[in-house]
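Understanding the architecture of this molecule
Read off the chains here:
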Amino acid sequence: MCTVCGCGDAKLDGHQHSHDHGHSHDHDHDHGHGHIHYGQGIAGVHVPGLSQARIVQIEQDILGHNNDFAGRNRAWLEAHGVFALNLVSSPGSGKTTLLCRTAQALKDKFPLAVIEGDQQTSFDADRIRATGIPALQVNTGKGCHLDAHMVESAIAKLAIAEDSVLFIENVGNLVCPAAFDLGEAYKVAILSVTEGEDKPLKYPDMFHAASMMILNKTDLLPHTDFDVERCIAFARRVNPDIVVLQLSARTGEGFDEWLAWIAEGRRRMAAHRKAQSGR
């Protein structure tokens, strides 16, 4: 169960609740307006059978435990000069195609590694490995996101070189990965122009947590009604500081700016490691 998005059931609490308690529940109702608001309580989510206070406690326990692992990951990555990016998006945005093209462009310039998150199969990790880059598949089963402990275990198994770049491709999901710190330097949200330009407002937590939004598949813009400026305005309404890049992972259009941003991030991280080790 993930209390961040409300998926799952009440079994995490150790038992299930009946609704025949003889008392009322604090539910939001339609009231004839054709719109029901769940997640308006202090927990921000609705899980049948659990009180808002209990959900808050569970969420604090889960995220607090995750943050302990994330802190360890971040310390290890910084100590080894590894620039880690957490790539998040909905399914079908082109994350893996973006990664493959990025790997091809950068693999001869500095070391790269990939942690690939999916519920099942190793298809995406196989595509990454075909470029010559080490990649480790993490299958989450019914889990809707990677967590910091999964990433810690993957780091221990990957031979990640110092002063390298680590890409973490999260499970396709614009909800839960927003709340789970993996120890990365930045979250990068990828949005395809084949999706709606209103995604930043529909999924504000993700675009608020992300440092960068990549608008992918720009080669398809002539064939869509996607409004680029409106999408960017929505993203900056949620996160005024978000960096926006427009590119096509298929054609390579706009890729130079993305590659330069990665190279600069990696350079800064390596310089930080050297400065810390020289103390």
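The protein carries the name Hydrogenase maturation factor HypB in an unreviewed UniProt entry, which gives Paramagnetospirillum marisnigri as its organism.

What follows is about the overall build of the protein. On a plain count of helices and strands, the protein comes out with eight helices and seven strands. Counting over 279 residues, the protein shows a buried share of 46%. Sequence separation of at least 24 residues holds for 71% of the intrachain contacts in the protein that already meet a minimum separation of 6. Only carbon and sulfur atoms are counted for the fraction: they give 49% of the accessible area of the protein, which is about 13800 Å².

This part is about the nonpolar core. By size, the foremost hydrophobic cluster in this structure holds 28 residues, and its most contacted members are F167, I214 and W258. Going through the elements one at a time, β1 (83–89), α2 (95–106), β2 (112–118), β4 (165–169), β5 (186–192), β6 (212–216) and α8 (255–277) are the ones with two or more residues in this core. In this structure F167 touches L85, L87, L99, T102, L112, A113, V114, I115, W258 and I262, once residues within four positions along its chain are discounted. One finds A178, L191, M213 and F226 within the second-largest nonpolar core, a separate group that totals 19 residues.

The buried fraction of β1 amounts to seven of the seven residues, a majority that puts the element mostly inside the structure. Here β1 shows no split at all, with F83, L85, L87 and S89 on one side and A84, N86 and V88 on the other all buried. Here five bridges tie β1 to β4, and the two strands are oriented parallel to one another. Counterpart to N86 in the pairing with β4 is I168. Two strands pair when backbone bridges link them, and β1 and β5 are joined in this way by five bridges, in the parallel orientation. Across the sheet, the residue bridging to N86 is K187, located in β5.

This part is about the sheet that holds β4. The parallel open sheet is built from seven strands, whose spatial order is β3-β2-β4-β1-β5-β6-β7. At either margin of the open sheet sits one strand with a lone partner, and together these are β3 (135–139) and β7 (243–246). Across this sheet, the average inter-strand angle for adjacent strands is 20 degrees, counted without regard to direction. Across four bridges, β6 lies against β7 in parallel orientation. The partner of M212 across the bridge, within β7, is V243. In this fold helix α7 (residues 228–238) packs onto β5, β6 and β7, with an angle of close to 160 degrees to the strand it touches most, β6. Packing of α8 onto the sheet brings it into contact with β1, β4, β5, β6 and β7, and relative to β1 it is tilted by some 140 degrees.

Definitions and limits used
Residues numbered from 1 in each chain as written. Predicted model: local features only at pLDDT ≥ 70, side-chain atom pairs only at ≥ 80, totals over all residues. Heavy atoms only, no water. Helix = DSSP H or I, 4+ residues; strand = E, 2+ residues; numbered from the N terminus. Buried < 20%, exposed > 50% of the residue type's maximum accessible area, 1.4 Å probe, protein only. Contact = heavy atoms within 4.5 Å. Areas by Shrake-Rupley, 256 points an atom, 1.4 Å probe, with all protein chains shown as cover. Core = buried A, V, L, I, M, F, W, Y, C linked by side-chain atoms within 4.5 Å. Pairing = 2+ DSSP bridges. Axes fitted to C-alpha atoms, helices over the stretch in contact; angles between N-to-C directions.

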